[in-house]
Amino acid sequence: GGNHTQTEFILLGITDSPCVQTPLFGLFLLIYIITLVGNIGIMLLVWVVPSLHTPMYFFLTHFSFADVCYSTAISPKMLVDLLSEKKTISFTGCVTQFLSFAFFGTAECHLLAVMAYDRHVAICNPLRYVMVISSGVCWQLVASSYLIAFLSTIIYTSCMFGGSFCGPNQINHFFCDISPVLKLVCSDTHSSEMIIFAFVIINVVGTSVVILLSYSSILFRVLRMPSAQSRSRAFNTCTSHLMVVSLFYGTVFFMYLQPASNHNSLDKVVSIFYTVVTPMLNPFIYSLRNKEVKGALGK
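Residues numbered from 1 in each chain as written. Predicted model: local features only at pLDDT ≥ 70, side-chain atom pairs only at ≥ 80, totals over all residues. Heavy atoms only, no water.

(A) View of a nonpolar patch on the surface. Nonpolar side chains collect at one region of the surface, where Leu99, Leu147, Phe150, Leu151 and Ile154 lie side by side and expose about 440 Å² of accessible area between them. It is helix H6 (residues 135–161) that contributes the most residues to the nonpolar patch, four residues altogether. When you line up the elements, Leu99 lands in helix H4 (residues 91–124). By relative accessible area, Leu99 is classed as partly exposed at 30%. (Patch = residues over 30% accessible without salt bridge, like charges linked within 9 Å, V, L, I, M, F, W, Y side chains within 5 Å. Areas by Shrake-Rupley, 256 points an atom, 1.4 Å probe, with all protein chains shown as cover. Salt bridge = Lys/Arg side-chain N within 4 Å of Asp/Glu carboxyl O. Helix = DSSP H or I, 4+ residues; strand = E, 2+ residues; numbered from the N terminus. Buried < 20%, exposed > 50% of the residue type's maximum accessible area, 1.4 Å probe, protein only.)

Below you can see the structure in the form of structure tokens.
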């Protein structure tokens, strides 16, 4: 429910300067193409190379899939708007865009936690790794990530679009995000904001705690290894994952764990980083920092 009198919204976009929009279109189009090629390339590589048929790369393919869908929910519409005078999006389109963005973004949080747990078992309990992270367990962990993301997204969307949109219809952003959309709701949004904030805490902070505990345990185990070569190998295995975690969580914490009154024009810059740039960087981080992937790619 709610009295949705608005049939469409106007996205104010990244900038209203015509001389800047064309270069940005070229830049973001290139980034989006690299994102698709890089992430789909990793998915195909893991699929065709038998040596990569392990739990770690199974989780990586799902993370790459989420990256592709996550970026596709935002980038095509943003690219079209950069070349359009009137940047409109229908009410249904706005809901659909946010659903896709929130679902795959939340799924990425849980997939990163699953990948951290996988590394924890591999390094801290290697003799039981095959038993603990079996094929069935891999599917259960991935399925639970998608299920939690789906349920959370339904709650986010209900809170965002369940009010009455009877006033201004200009969204001061380049996509339908939580804070800019809630500012257009005519009814009181305090309870909706609290519910959304609570679920963001559960998903973002909860998964980051799992990651922190996993890597704390890994660090303690690695420091106790007698061989410097073993320590170096273990650190290299985890470095790429930690880089992705830092990039993703750093921007998400800034955007969604601050009071609504603190949001400003810097939000667009931060949003570009985690919706456009980070999905492009992830394949490079995994391929350039991982000898197995580089070796498989070379073959």
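(B) Spotlight on the nonpolar core. Grouped together as the largest cluster of nonpolar side chains are 91 residues, with contacts concentrated most on Phe28, Phe101 and Phe161. The element best represented in this core is H4, accounting for 20 residues. Excluding residues within four positions of it along the chain, Phe101 makes contact with Tyr70, Ala73, Ile74, Phe175, Asp177, Tyr256, Tyr274 and Thr275. (Core = buried A, V, L, I, M, F, W, Y, C linked by side-chain atoms within 4.5 Å. Contact = heavy atoms within 4.5 Å.)

(C) A look at helix H2 (residues 55–72). Here H2 spans 26 Å end to end across 18 residues, near enough to the 26 Å set by a 1.5 Å rise per residue. The buried count for H2 comes to 16 of 18 residues, which makes it a mostly enclosed element. (Expected span 1.5 Å × (residues − 1).)

(D) The arrangement of the packing of helix H1 (residues 18–48) against H2 in detail. Two elements in contact, H1 and H2, have axes whose closest approach is 9 Å; the angle formed by their N-to-C orientations is 155°. The pairing of H1 with H2 is recorded here as roughly antiparallel in orientation. The two elements H1 and H2 cross, and the hand of that crossing is left-handed. For the pair H1 and H2, the contacting residues are Tyr32, Thr35, Leu36, Asn39, Ile40, Ile42, Met43 and Val46 in the first and Tyr57, Leu60, Thr61, Ser64, Phe65, Asp67, Val68, Ser71 and Thr72 in the second. (Axes fitted to C-alpha atoms, helices over the stretch in contact; angles between N-to-C directions. Parallel < 35°, antiparallel > 145°, perpendicular 65-115°, else oblique. Left-handed = near helix turned anticlockwise from the far one by under 90°.)

(E) Here's a closer look at the environment of Thr189. Tracing the backbone through its elements, the reader meets Thr189 in the loop between helix H7 (178–182) and helix H8 (190–223). C-alpha separation for the pair Thr189 and Gly163, spaced 26 residues apart in sequence, amounts to 7.8 Å.

(F) Representation of the UniProt feature "transmembrane region" (unreviewed entry) in the protein. Residues annotated by UniProt as "transmembrane region" (unreviewed entry) correspond here to residues 24–49, 56–75, 95–117, 129–155, 194–222, 234–257 and 269–288. In residues 56–75, the share of helix is 90% and the share of strand is 0%. The end C-alpha atoms are 28 Å apart. Between the end C-alpha atoms of residues 194–222 the distance is 41 Å, and the span holds 100% helix and 0% strand. (UniProt positions renumbered as here; feature names shortened; annotations may be inferred.)

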